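One letter stands for each residue in the lines below.
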Amino acid sequence: MASGENVDLSATRPAEYLREGLLSPEGKPREGLNGLHSLGMAHRLKLEGTKPETVAALLDSLVKASGRFIPKDPRNVDLPDGARQEVAAAWSATGPTGTGVLGELRAAVLPCVSDTATLGAMLLHVERIHRQLLLVSVTPPAAPDVRLPGREAAGRPAAGRRAGEEHRALAGRVMRPHLPAMERDRDSRHHVVIVGAGFGGLQAAKTLGRADNVRVTVVDRYNHHLFQPLLYQVATAVLNPADISAPIRSVLHARNTEVLLAEAKSVDPRRKVLIVEGGEIPYDSLVLATGATHSYFKHPEWARVAPGLKTLEDAVRIRERVLTAFEAAERESDPVRQRQWMTFVIIGAGPTGVELAGALSYMTRHGLPKDFRRIDTREARVVLLEGLPRVLSAYPEELSEAAKRDLEKLHVEVRTGALVTGIDGEGVTFGDEHIATRTVMWGAGVAASPLVRSLDVPLDRAGRVKVSPRLTAPGLDDVYVIGDVAAAEQNGKPVPGIAPAAMQMGRHVGKTIRDRLAGRPLKAFRYHDKGSFAVIGRGYAVGLLYDKWRMKGLPAWLVWAGVHIAYLIGFRNRASVMLNWGYTFFTKGGRDMRLITGNVVKRMPALASSTQAPALPPPAPPELPASRPAPVH
Ligand SMILES: Cc1cc2nc3c(=O)[nH]c(=O)nc-3n(C[C@H](O)[C@H](O)[C@H](O)COP(=O)(O)OP(=O)(O)OC[C@H]3O[C@@H](n4cnc5c(N)ncnc54)[C@H](O)[C@@H]3O)c2cc1C
Ligand SMILES: NC(=O)c1ccc[n+]([C@@H]2O[C@H](COP(=O)([O-])OP(=O)(O)OC[C@H]3O[C@@H](n4cnc5c(N)ncnc54)[C@H](O)[C@@H]3O)[C@@H](O)[C@H]2O)c1
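Below you will find a few notes about this structure. No experiment lies behind these values; they were computed from the predicted model shown.

## Structural notes on the site of ligand 1
Link 1 in the chain: Within the structure, ligand 1 sits among 27 residues, and Gly-200, Asp-220, Gln-228, Ala-264 and Asp-484 are positioned closest to it.
Link 2 in the chain: Backbone polar atom of Gly-200 to an oxygen atom of ligand 1: 2.8 Å apart, as the coordinates give it.
Link 3 in the chain: Within the contact set of ligand 1, an oxygen atom lies 2.8 Å away from a side-chain nitrogen or oxygen of Gln-228.
Link 4 in the chain: Relative to its free-state accessible area of 990 Å², ligand 1 is covered by the protein chains to the extent of 90%.
Link 5 in the chain: Where the shell around ligand 1 is concerned, the elements lending two or more residues are helix 9 (199-208) and helix 17 (499-518).
Link 6 in the chain: Broken down by element, the residue count for the shell around ligand 1 peaks at three residues, all from helix 17.
Link 7 in the chain: Of the residues belonging to the shell around ligand 1, the class tally is 13 nonpolar, nine polar and five charged.
Link 8 in the chain: Composition of the shell around ligand 1 by domain shows at least three residues from each of domain 2 (190-221 + 262-294 + 447-527) and domain 3 (300-444 + 532-603).

## A look at the site of ligand 2
Link 1 in the chain: Near ligand 2 you find 21 residues, and of these Thr-352, Glu-386, Gly-387, Val-420 and Phe-533 are the closest.
Link 2 in the chain: In the environment of ligand 2, a nitrogen atom lies 3.0 Å from a nitrogen or oxygen atom belonging to the backbone of Gly-387.
Link 3 in the chain: Notes on ligand 2: free accessible area 840 Å², of which the protein chains cover 75%.
Link 4 in the chain: Put simply, the parts of the chain that give the shell around ligand 2 at least two residues each are helix 15 (351-365) and strand 25 (531-537).
Link 5 in the chain: With three residues, helix 15 is the single largest residue contributor to the shell around ligand 2.
Link 6 in the chain: The class makeup of the residues in the shell around ligand 2 is 13 nonpolar, six polar and two charged.

## Some remarks on the pairing of strand 15 (residues 427-430)
Link 1 in the chain: Here strand 14 (residues 420-424) runs beside strand 15; their pairing, made up of four bridges, is antiparallel. Bridge pairing in strand 15 places Val-420 opposite Phe-430.
Link 2 in the chain: The loop that links strand 14 with its antiparallel partner strand 15 comprises two residues.
Link 3 in the chain: In this structure, strand 15 lies alongside strand 16 (residues 433-436), joined through four bridges in antiparallel fashion. In the sheet register, Gly-427 faces strand 16, and the bridge partner there is Ala-436.
Link 4 in the chain: The turn linking strand 15 back onto strand 16 is made up of two residues, and Gly-431 within it adopts a positive phi angle of 50 degrees.

## Some words on the sheet that holds strand 16
Link 1 in the chain: Strand order in the open sheet made by the three strands is 14-15-16, with antiparallel pairing throughout. Here the strands that pair on one side only, and so sit at the sheet edges, are strand 14 and strand 16. Looking at each pair of strands side by side, their axes are set apart by 15 degrees on average, direction ignored.

## Looking at unusual backbone geometry
Among all residues save glycine, negative phi is the norm, and among peptide bonds the norm is trans.
Link 1 in the chain: Look at Leu-392: it is not a glycine, yet its phi comes out positive at around 45 degrees.
Link 2 in the chain: One can find Leu-392 in the loop between strand 12 (381-385) and helix 16 (397-409).
Link 3 in the chain: One non-glycine residue, Leu-471, adopts positive backbone phi at about 70 degrees.
Link 4 in the chain: Within the secondary structure, Leu-471 is located in the loop between strand 19 (465-466) and strand 20 (472-473).
Link 5 in the chain: Judged by its relative accessible area of 1%, Leu-471 is buried.

## Some words on the sheet that holds strand 13 (residues 412-415)
Link 1 in the chain: Strand order in this open sheet of four strands is 13-12-11-17, and the pairing throughout is parallel. Two strands bound the open sheet, and with one partner strand each, they are strand 13 and strand 17 (439-442). Direction aside, neighbouring strands of the sheet carry axes that sit 20 degrees apart on average.
Link 2 in the chain: In the sheet, strand 11 (residues 343-347) pairs with strand 17 via four bridges, with the strands oriented parallel. Bridge pairing in strand 17 links Val-345 to Val-440.
Link 3 in the chain: In the packing of helix 15 onto the sheet, the strands contacted are strand 11, strand 12, strand 13 and strand 17, and the crossing angle to strand 12 comes to about 170 degrees.
Link 4 in the chain: Sitting on the sheet, helix 16 is in contact with strand 12 and strand 13, with an inclination near 140 degrees to strand 13.

## A look at the side chain of Thr-512
Link 1 in the chain: With respect to the helices and strands, the residue Thr-512 is situated in helix 17.
Link 2 in the chain: Assessed through its relative accessible area of 3%, Thr-512 is described here as buried.

What counts as what
- Every chain is numbered on its own, with residues counted from 1 as its sequence reads.
- Here the convention is simple: chains get letters from A, ligands get numbers from 1, in the order in which they are written.
- Owing to the predicted nature of the model, reporting of local features is limited to residues with pLDDT of at least 70; listing and counting of side-chain atom pairs is limited to 80 or more, with chain, interface and lining totals taken over all residues.
- The side-chain quantities take in all heavy atoms of the structure and omit both hydrogens and water.
- Only heavy atoms are used to decide nearness, and a residue is near a molecule or strand if one of them lies within 4 Å of it.
- Here a polar contact means two N or O atoms within 3.5 Å. Within protein one must be a hydrogen donor candidate and the other an acceptor candidate, and residues neighboring in sequence count only if both atoms are side-chain atoms.
- Note on areas: these come from Shrake-Rupley sampling with a 1.4 Å probe, and a residue is covered only by the protein chains present in the view.
- Each helix corresponds to a stretch of at least 4 residues labelled H or I by DSSP, and each strand to a stretch of at least 2 residues labelled E; elements are numbered beginning at the N terminus.
- Any residue that is not Ala, Val, Leu, Ile, Met, Phe, Trp, Tyr, Cys, Pro, Asp, Glu, Lys or Arg is counted as polar, Gly included; the first ten are nonpolar and the last four charged.
- Source of the domain bounds: an automatic or database domain assignment.
- Each pair of strands is called paired provided DSSP finds at least two bridges between the two strands.
- To obtain an axis, a line is fitted to C-alpha atoms, over the contacting stretch when the element is a helix, and the angle between two such axes runs from 0 to 180 degrees between their N-to-C directions.
- Exposure is judged per residue with a 1.4 Å probe applied to protein chains only, and the accessible area is read against the type maximum: over 50% gives exposed, under 20% gives buried, and values in between give partly exposed.
- Here, residues are in contact when the closest pair of their heavy atoms is within 4.5 Å.

Given below as structure tokens:
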């Protein structure tokens, strides 16, 4: 131990410390008290990167400064004037003062030091922290070694086992009941916590899965990874939710990787902990990959009437609303209200709005017509409203025009320069116009997921972190931000918020962490643009390959379909999607997943007389050549 000769630590009186709430009545350090108990401090110091030698130096310095005030016999006397200042100065002289864990301890403990007993208790506390910091950095022996008796005889040193066991016992004390597995700070591997198992997070975890000196915890609020690019096909009843999602646990198999189902609430970069519902997770490196959420700009009230499309729940909700609208129209006797039910408005003609509008219009003309008797679903209006002068404004003008033409061939009413200013349960308002509708969908804006706000670093207008070239948050070298929550730039242009960019960032961060630990030079992130595509309808898409080759129509759709099948997670999903596509292609939407899973009966209009004759001629024939989209050239 590093204490000096002048100090008799038996002079300490636990009762004095008890007064400050640091010890239990039995004289043992309490757990969780203001985070000041010695084991908790040691863990936090380790996470902070403070070395045991720093604490030893501090202890030496404090002991030297205190020595002359502490009598050799175990008497407690009041400290003379100026003694506390001298001890405080000795603390400052070693460096750790106002900041960090030692600074925090100093601020909490020094004001309590009024007599020699409390001074001794303080020294004892620092000494205990030092001892535990040495233990915290011990790598425990592998678990089976501890459990199997007989192993010691096989040559493992007993001291190592004891250290491991003692350490395990100590580590057990900081576990929080809600998160036992995650609080295992018992090994010295670098702990990487990844929040979000989307495109970026999964790639980061996979890249780190091969590193021996790292352990990884992946936190997500859902138990599945979601393939968002095909969400619109769930919303329009082409695919099942399970076709485009995969349990995260089944995707991440590396032995060094744990998965935790939890919602992250905030980050405390100073203490290096992620705060989740029910506890805290300490990290050495943190990767934030929480994606984007809807933005209703200054109209949060629109969220209730105009759902967006980001999660499986959103997709199932949209599917339910659309199918319910047709059911309601079938029951409705008033033609005006029937028209309102059969009008669908999509706000925003970015890729989400365009894909949704094309697929929805297709659905109204294929498959659905033969299911209804009183209404002709082919008469449904699908209106796409865009505030800017053209659809898909991120694409070259030529492709925007092609997309608009194709949408119109699919019977979508495209209105550009139509900035929506009002939405309620009865319809949508833009300019002087109002469209009466009961079904509105939102594809008009996204913002970064709110978790990154807790970092307290500069954000752009969409709430994304303005990351460094290495994808770290400004001023926080151990916090990486990737995917849709990162505002990265390359050659003066923003890196787009699409899946390949998130995946590349995830891989880059995984490699950066590995390089950092190996002491290798670190590289800046470079985005390789392989292309982006937006689907207009079955067999129609527009896109840019390698940021230069413009594609449209069937060739673009084929590239899009190939890439999406290739990137879907798991063989089962690929097979299922191809099967469903093939089936709906040949049967023209014959029997898509047109399920309403909630009980929507309460939302239905009063029943039209059940004895009434069908309002329409018999069901439409399965083939509707006039409404089939013409080939695109
Ligand atoms: C409808 C739609 C269609 C799209 N189509 C395409 C396309 O065709 N091609 C393309 O390249 N891109 C497409 N994109 C964009 C692409 O999906 C995103 O750019 C990509 O998903 C971003 O990846 P990410 O890892 O940043 O976030 P995400 O993939 O969104 O993953 C974020 C993860 O974080 C989790 N999470 C969020 N907050 C928390 C929290 N607080 N605690 C715990 N977990 C949390 C979420 O559950 C999720 O699993 C589409 C997006 C949408 C919405
Ligand atoms: N196929 C793909 O590659 C694909 C598909 C979907 C989404 N994404 C990505 O996801 C992100 C989000 O895409 P998105 O399409 O959801 O949003 P977006 O931001 O790309 O497009 C939103 C559109 O809504 C319009 N808008 C905004 N407010 C409006 C209002 N009040 N009235 C009318 N129009 C309004 C905007 O002008 C814009 O054109 C983007 O990064 C996109 O690249 C990609």
